[in-house]
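# Structural description and commentary
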Amino acid sequence: MSFENLGLHEALTRAVADAGYDSATDVQQRAIPPALAGRDLMVSASTGSGKTASFILPALQRVLAARGDNTKRREKGVVYGPRVLVLAPTRELAMQVAKAFSNYGRNVQGPRVATVVGGVPYGAQLKALRGPLDVLIATPGRLMDHMASGKAVLANIEMLVLDEADRMLDMGFID
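This text gives an overview of the structure that appears in the document. (Residues numbered from 1 in each chain as written. Predicted model: local features only at pLDDT ≥ 70, side-chain atom pairs only at ≥ 80, totals over all residues. Heavy atoms only, no water.)

On to the overall build of the protein. Each helix and strand in the protein was counted, giving eight helices and four strands. For the protein, the N- to C-terminal ordering of α and β elements is α-α-α-α-β-α-β-α-β-α-β-α. Relative to its 175 residues, the protein shows a buried fraction of 42%. The long-range fraction of contacts in the protein, counting pairs at least 24 apart against all pairs at least 6 apart in sequence, stands at 65%. For the protein, the accessible surface area stands at approximately 9,600 Å², while carbon and sulfur atoms represent 51% of it. (Helix = DSSP H or I, 4+ residues; strand = E, 2+ residues; numbered from the N terminus. Buried < 20%, exposed > 50% of the residue type's maximum accessible area, 1.4 Å probe, protein only. Contact = heavy atoms within 4.5 Å. Areas by Shrake-Rupley, 256 points an atom, 1.4 Å probe, with all protein chains shown as cover.)

The next subject is the packing of helix 3 (residues 51–67) against helix 5 (residues 91–104). Packing of helix 3 against helix 5 brings their axes to within 10 Å, and their N-to-C directions diverge by 55°. Between helix 3 and helix 5, the crossing angle belongs to the class labelled oblique. Where helix 3 crosses over helix 5, the handedness of that crossing is right-handed. In this structure, helix 3 uses Thr-52, Ala-53, Phe-55, Ile-56, Leu-57, Ala-59 and Leu-60 to contact helix 5, whose residues at the interface are Val-97, Ala-100, Phe-101 and Tyr-104. Its residues assigned to classes, the contact of helix 3 with helix 5 comprises ten nonpolar, one polar and no charged. (Axes fitted to C-alpha atoms, helices over the stretch in contact; angles between N-to-C directions. Parallel < 35°, antiparallel > 145°, perpendicular 65-115°, else oblique. Left-handed = near helix turned anticlockwise from the far one by under 90°. Nonpolar A, V, L, I, M, F, W, Y, C, P; charged D, E, K, R; others polar.)

Where burial is concerned, the two faces of strand 3 (residues 135–138) agree: the one with Val-135 and Ile-137 and the one with Leu-136 and Ala-138 are both buried. With four bridges connecting them, strand 1 (residues 84–87) and strand 3 associate as parallel partners. Opposite Leu-85, over in strand 3, you have Leu-136 as the bridge partner. Where strand 2 (residues 113–116) and strand 3 come together, four bridges link them in parallel fashion. When the bridges of strand 3 are listed, Ala-114 appears paired with Leu-136. Tracing the backbone out of strand 2, into helix 6 (residues 122–130) and back to the parallel element strand 3 gives a crossover that is right-handed. (Pairing = 2+ DSSP bridges. Right-handed = clockwise from strand over helix to strand, strands pointing away.)

A few words now on the layout of surface pockets. Considering only enclosed or pocket space, the largest pocket measures out at about 790 Å³ in volume. Counting residues per element, the ones that place at least two in the lining of the largest pocket are helix 2 (26–36), helix 3, strand 4 (159–162) and helix 8 (165–170). Of the residues in the lining of the largest pocket, the class split is twelve nonpolar, three polar and eight charged. In this model, the second largest pocket occupies a volume close to 570 Å³. The wall of the second largest pocket is formed by 24 residues, among which Gly-48, Gly-50, Lys-51, Thr-52 and Ala-53 lie closest to the centre. (1 Å grid on protein atoms, 1.4 Å probe; cavity = no way out; pocket = protein on both sides within 12 Å on 5 of 7 lines; lining within 4 Å. Points joined across faces, edges and corners; volume = space filled by probe spheres on them.)

A separate point is the environment of Pro-111. If you trace the backbone, Pro-111 turns up in the loop between helix 5 and strand 2. What makes Pro-111 partly exposed here is its relative accessible area of 29%. A sequence separation of 44 residues divides Pro-111 from Arg-67, and the C-alpha atoms of the two residues are 10.0 Å apart.

The following block contains the structure:
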């Protein structure tokens, strides 16, 4: 099945084609349509099956749709925060997810994506958390640090992705 048949925005199908993909994998065919409809999903598939695109493409579609209805975020005094939160168990996976957002969002004008992970200085992360933000990609430990300090505002989250949730639980992030 082609990505055009999944109901994705043209900017996203163009980016997928630019990345060298002409048809959706099985997991993408099964996950993207319900994700676009706002349904809750639990997806399990092998490495290399296309799981990451299965949540990134609907997330970017949500960002594109929100661009037309941005009145809430423009009001003076409204606290900014991401629309989409992706939690990943490790810094390496979070960086891979951020790169995939960049690749698939290449034709989306100005997506605001921030990554907050351990082992990186707080300064740039704090700056990114202060401004308008579409997508926040984080590791649990660093996100909890920013939440405890009041710097991470999650009141506007519309989509939550727990990437490799089983691994996060194994690492002790059950709370």
